[in-house]
Structures are given as structure tokens and as C-alpha cells.
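Understanding the architecture of this molecule
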Amino acid sequence: MIDMFDPSALAAGDSGAWRRFLSPATAIAQTAIRRVLAAAGKADETGDVVQDFFLRLLKDDCRLLRRFDPSRAKIATYLAMVAATTAVDHLRKKVPQPIGSAQELETWLPSTPPPSPTGERLDIPSGVLTPRQALILQLTIGKDMSPQEAGALLGISEQTVRSMRHKALTRLRELETENRSEQDGTEKG
Amino acid sequence: MSDSPRHDEIDPLLLAAWLDRRLGAEDDARVEAALANDPALLDAVLAARAALVVPELPSKMTLAAVTALIPSRSFEGQSWSLRPAAMAFAATVMLAVAVGGFGLGRGLEGLQNESAAARADQVLGGYFSFFGEGRR
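Description of the structure in this document.

Cut-off values and rules
Residues numbered from 1 in each chain as written. Chains lettered and ligands numbered in written order. Predicted model: local features only at pLDDT ≥ 70, side-chain atom pairs only at ≥ 80, totals over all residues. Heavy atoms only, no water. Helix = DSSP H or I, 4+ residues; strand = E, 2+ residues; numbered from the N terminus. Buried < 20%, exposed > 50% of the residue type's maximum accessible area, 1.4 Å probe, protein only. Contact = heavy atoms within 4.5 Å. Areas by Shrake-Rupley, 256 points an atom, 1.4 Å probe, with all protein chains shown as cover. Buried area = accessible area lost by both parts, 1.4 Å probe. Salt bridge = Lys/Arg side-chain N within 4 Å of Asp/Glu carboxyl O. Polar contact = N/O pair within 3.5 Å; in protein donor to acceptor, adjacent residues only side chain to side chain. Nonpolar A, V, L, I, M, F, W, Y, C, P; charged D, E, K, R; others polar.

Turning our eyes to something else, we now look at the overall build of chain B. Scanning chain B from N- to C-terminus turns up seven helices and zero strands. Buried residues in chain B amount to 40% of all 136 residues. Considering only contacts in chain B between residues 6 or more positions apart, those separated by 24 or more positions represent 51%. When the accessible surface of chain B is totalled, it reaches about 7,800 Å², and 62% of it is carbon and sulfur.

Put into C-alpha cells, the structure is as follows:
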């Protein structure tokens, strides 16, 4: 139903449009924001961040609403994405807490993305895999998603996910073997 | 470290278009590279997708707080001719009720002014409700 809303009416300040819009938009925003915050143990801040989300929509004469292009995405998807990134911004502003060893704390800087609390992030060398291969590994290994779930997200079949995952892991093993051979050759030479 | 853009450099509309499978191959690759290299961004995308599948009911407290943010903003840019008319009407009603209450006798003056004030509140509330202002 939210896809029926006209962002231009909202941006123009139509109070009737805003009244009809608030409940479904809050539902989507609250869900997305809670998921992001809950993974960081801060689900109790959901209400505050939902308000931040709406303030963000209103900011600069509803700039985000005016920029929306229905030919590019659905309004519901757009709102969910704005809400989720608002939650990520909220977490990034927080004072960093000890996340593990003292070494990890020393090397973690506010300008770098904080480690994801929802699972491991695989350290994949850049340029070795295609972006999709790298993403499939992050999803199926880092996030422990099934090939079926990953395929649904990416719009490809489960079999394609399995095939790409296999190719990616094979490539990484080849790279590791090459690196070891180079190291052995260097040591011997 | 990757050269992929961080989440704050990627337009939410681009991410939404990716989720809705509306991008071309080149933009797909750009977004997927960013997602593979930024765990927070990947979490955001997964959270957004989950919110679309099964959105939870908005909490009443949150909805009330958000509603309070909107009305003052939503009236900006609208014609203000209605507001002065509404205030004039309200003033007239209050005056009429107060005069009517006073006319019924001094012995009951205190009580009737209190009743008149209560009635004025009811009339005002109904008027503004009709015009859509003051709703929760």
C-alpha cells in the first residue's frame, strides 16, 4: 500500500498525505532500524533513531523525498534503505567500545567501518574475485546464509550461488598455493 | 584495503534499486563490491530487505513521537488563510458562550463560566478535528 504514496505530495507538505503515510512508513523504518541496532545490542534506541529517520526525510525541504525516482526503485524499498543507513550512521557516531583484544582496539579507527556484529567478515584480497563472488562468500560464510537465501537476495538460482561459491573458493585456494610457492622459492633462493 | 565506496558515499536510491533488481550489470557490480567490503552496509541492506518482507507493527509511542514531528512542518508552504478564520470563529464561539452563560444569573455565574469554558473547549476541539488539526 505504501507504494501508492506520492513523495511529491509529501515534499509539498500535504498534511493529509503525511497522516496517511506515517503509520506504514514507521512500520518499515522501525523494523529496519531495530534489526540494525539489535545486532549491536542497542535495540532500545530504536525509537530515537526512527525519529532521526523522519527528521532526515524532512531535512533540507524534504530533499530525500524530492530526489526519489520511482523508475529506479519502489518507495518502500527506498524508505527501508534510508532507515537502515540512518541506523548505521547512528551506530558509527557512538563512542567505540572495546570490541575484543587490545590490539583490535588500537587498530580500529572511527573513520573505518566498525566490524559487523552479526558475523565474521571474511578478509578477501581485493581484485582476486569478482564483486559478486566476494559478496556470495560474505553472505554464505560470513553471514551463514543458505545458498537459497543468498540466491533470493541476488536474484539468481541456488545452483548458481553454489557454483559461484565453488569457483571463488577454488580461486582463493589457488592464490594461497601460489603465495606459498613464492615464499618457498624466496626462502630457498 | 578496498577502493570500494563506503555506505555514506552510496546513494540509498542506488541501494534500493539494487534490492529491487533494477540496476544494470555495471551498477550491480559497483554495489556488490561495496557490500562485500563494508559489513555495516551489508547489514543495512539485509535489514532493509527484512523490513520489506515482514514489517512489524509500529509502536504507539514511536508513532506519537513521529506524528509530533510532522504537523508543524507539513503546514509550511500552505495557504494560511484558514488559520486566521479558524481563530476568529473560535473567538466568536467562546464569546457567545461566555455571554450566554453570564446572562443566566449571577448566582450561578461561577459554575456557568466553568461550563461555558468546557463547552468552548468541546466546540474548539470538534472544529479543529473537522479541519484535521490537532489530531494525534
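Additional details are given in the paragraphs that follow.
Before going further, it helps to examine the interface of chain A and chain B. You'll often see interface size given as the accessible area lost when the parts meet. Residue-level contacts link 65 residues of chain A with 57 residues of chain B. It is A:Arg72, A:Met81 and A:Leu153 that lose the most area in chain A upon contact with chain B, and together they represent 14% of the buried surface on that side. Here chain A and chain B share five salt bridges between them. The salt bridge involving B:Glu32 is made with A:Arg132; its shortest N-O contact spans 2.6 Å. Along the contact surface separating chain A from chain B lie 13 residue pairs in polar contact (both at pLDDT 80 or more). Among the elements that make up the side of chain A that touches chain B, the one with the highest residue count is helix α2 (residues 15-39) of chain A (14 residues). Grouping the amino acids of the side of chain A that touches chain B by side-chain chemistry returns 33 nonpolar, 17 polar and 15 charged.

Quick look at the pattern of salt bridges now. Residues and elements named next belong to chain A. Overall, the coordinates contain 11 salt bridges over all chains when judged by the stated rule. We note a salt bridge from Asp60 to Arg63, for which the minimum N-O separation is 3.8 Å. Here the residue Asp60 and the residue Arg63 both occupy positions in helix α3 (residues 46-67), the gap between them amounting to three residues, near one helical turn. In this structure, the salt-bridge partner of Arg162 is Glu158, at a minimum N-O distance of 2.7 Å. With a gap of four residues between them, Arg162 and Glu158 both fall in helix α8 (residues 158-188), about one helical turn apart. Residue Glu158 is classed as partly exposed on the basis of its relative accessible area of 33%.

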